[in-house]
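The residues making up each chain are set out below.
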Amino acid sequence: AQSVAQPEDQVNVAEGNPLTVKCTYSVSGNPYLFWYVQYPNRGLQFLLKYITGDNLVKGSYGFEAEFNKSQTSFHLKKPSALVSDSALYFCAVRPMDSNYQLIWGAGTKLIIKP
Amino acid sequence: NAGVTQTPKFQVLKTGQSMTLQCAQDMNHNSMYWYRQDPGMGLRLIYYSASEGTTDKGEVPNGYNVSRLNKREFSLRLESAAPSQTSVYFCASSEGYGGTDTQYFGPGTRLTVL
């Protein structure tokens, strides 16, 4: 079965330190990959996506993600965390054999401590 | 430009009652989606609509009906609510027809079925 895993339920980082939120996937073919963020009591907001081309993708709010085909991963990174980055982060994958349906990870709660 | 709006924000139902969740977007998007979000799980697609009058079942369509009356509006109906339908419901839209498009989310409806 095709799936997306976010292995950490929660990630704690001190403000100013680099952060990484992990995502691995198991889907057929070459997928399209997305990261979304959800702030408390809000809908999800798009951060970035990988469709094709350069494996390093830059997105909103200083976030970036690296597509690693051999490791089937798409980890989200930021060089210097802000307290305002604290939120719930979701990785999503669109398999090549799907026209519109995304497979979503369970989410990772990111907590940035001052 | 309000983006994606949803009503109501909160709702409490008794088992067996019916209700309709409303969603509207003002971005002239073609595709619209209904998702549910449950604790510890990623988003699960209930229904998708590529255009007015067309709908496709997602991962968890049982117990729900949808209606895409026009390009702007996409409603979700629970005919006979069950406690298992307690969840947060999100509507989303995208410009194209799924695929690589960014999805834009509404603020959500928190539904409790007693």
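Look up a bit, the structure's there.
A few points on the structure.

What counts and how
Residues numbered from 1 in each chain as written. Chains lettered and ligands numbered in written order. Predicted model: local features only at pLDDT ≥ 70, side-chain atom pairs only at ≥ 80, totals over all residues. Heavy atoms only, no water. Contact = heavy atoms within 4.5 Å. Buried area = accessible area lost by both parts, 1.4 Å probe. Salt bridge = Lys/Arg side-chain N within 4 Å of Asp/Glu carboxyl O. Helix = DSSP H or I, 4+ residues; strand = E, 2+ residues; numbered from the N terminus. Nonpolar A, V, L, I, M, F, W, Y, C, P; charged D, E, K, R; others polar. Buried < 20%, exposed > 50% of the residue type's maximum accessible area, 1.4 Å probe, protein only. Polar contact = N/O pair within 3.5 Å; in protein donor to acceptor, adjacent residues only side chain to side chain. Pairing = 2+ DSSP bridges. Axes fitted to C-alpha atoms, helices over the stretch in contact; angles between N-to-C directions. Phe/Tyr/Trp six-rings, centres within 6.5 Å; stacked < 30°, edge-to-face > 60°.

## What about the interface of chain A and chain B?
The extent of an interface is frequently quoted as the accessible surface area lost upon association of the parts. Between chain A and chain B, the residue contacts involve 21 residues of the former and 25 residues of the latter. Buried area between chain A and chain B, summed over both chains or domains, comes out near 1,700 Å², and the portion from carbon and sulfur atoms is 55%. The largest contributions to the chain A side of the interface with chain B come from Leu44(A), Tyr100(A) and Trp104(A), which together make up 36% of the buried area. Linking chain A to chain B there are 0 salt bridges. Going through the elements one at a time, strand 5 (32-38), strand 6 (44-50) and strand 10 (87-94) of chain A are the ones with two or more residues in the side of chain A that touches chain B. Of the residues contributing to the side of chain A that touches chain B, the split by class is 12 nonpolar, 6 polar and 3 charged.

## A look at the side chain of Ser87(B)
All names here are of chain B. The topology assignment puts serine 87 in strand 9 (residues 87-94). With a relative accessible area of 5%, serine 87 lands in the buried category. There is a polar contact of 3.0 Å between the side chain of serine 87 and the backbone oxygen of glutamine 37. Apart from the residues lying within four places of it in its own chain, the contact partners of serine 87 are Arg36, Gln37, Asp38, Thr109, Arg110 and Leu111.

## With respect to the sheet that holds strand 7 (residues 64-67) of chain B
Working definition: the strands of a sheet are paired by backbone hydrogen bonds and lie parallel or antiparallel to each other. All names here are of chain B. Strand order across the open sheet formed by 4 strands is 1-3-8-7, with antiparallel pairing between neighbours. Looking along the sheet, the strands with just one partner apiece sit at the ends: strand 1 (4-7) and strand 7. Recorded for the sheet is a direction-independent mean angle of 20 degrees between the axes of neighbouring strands. The pairing of strand 3 (residues 19-25) with strand 8 (residues 75-78) spans 3 bridges and is classified as antiparallel. Note that in strand 8 the partner of threonine 20 across the bridge is arginine 77.

## A few points about the packing of aromatic side chains
Summed over all chains, the structure comprises 16 aromatic pairs over all chains. Their ring planes at 45 degrees and their centres at 5.1 Å tell us that Tyr33(B) and Tyr48(B) sit as a pair that is tilted. Of this pair, Tyr33(B) sits in strand 4 (residues 31-37) while Tyr48(B) sits in strand 5 (residues 44-51); the two residues are 15 residues apart in sequence, bridging distant segments of the chain. Owing to a relative accessible area of 1%, Tyr33(B) belongs among the buried residues under this scheme. Taken together, the ring pairs connect Phe34(A), Tyr36(A), Phe46(A), Phe90(A), Tyr100(A), Trp104(A), Tyr33(B), Tyr35(B), Tyr48(B), Phe90(B) and Phe105(B) into an aromatic cluster.

## Here's the deal with the pattern of salt bridges
Per the stated rule, a full pass over the model turns up 5 salt bridges over all chains. Salt-bridge contacts for Glu64(A) lead to Lys58(A); the nearest nitrogen and oxygen are separated by 2.9 Å. Given the relative accessible area of 62%, Lys58(A) is considered exposed. Note that Arg36(B) and Asp38(B) form a salt bridge whose closest N and O atoms lie 2.9 Å from each other. Just as Arg36(B) is buried, Asp38(B) falls in that class too. Several salt bridges converge on common partners, so that one network encompasses Arg36(B), Asp38(B) and Arg44(B).

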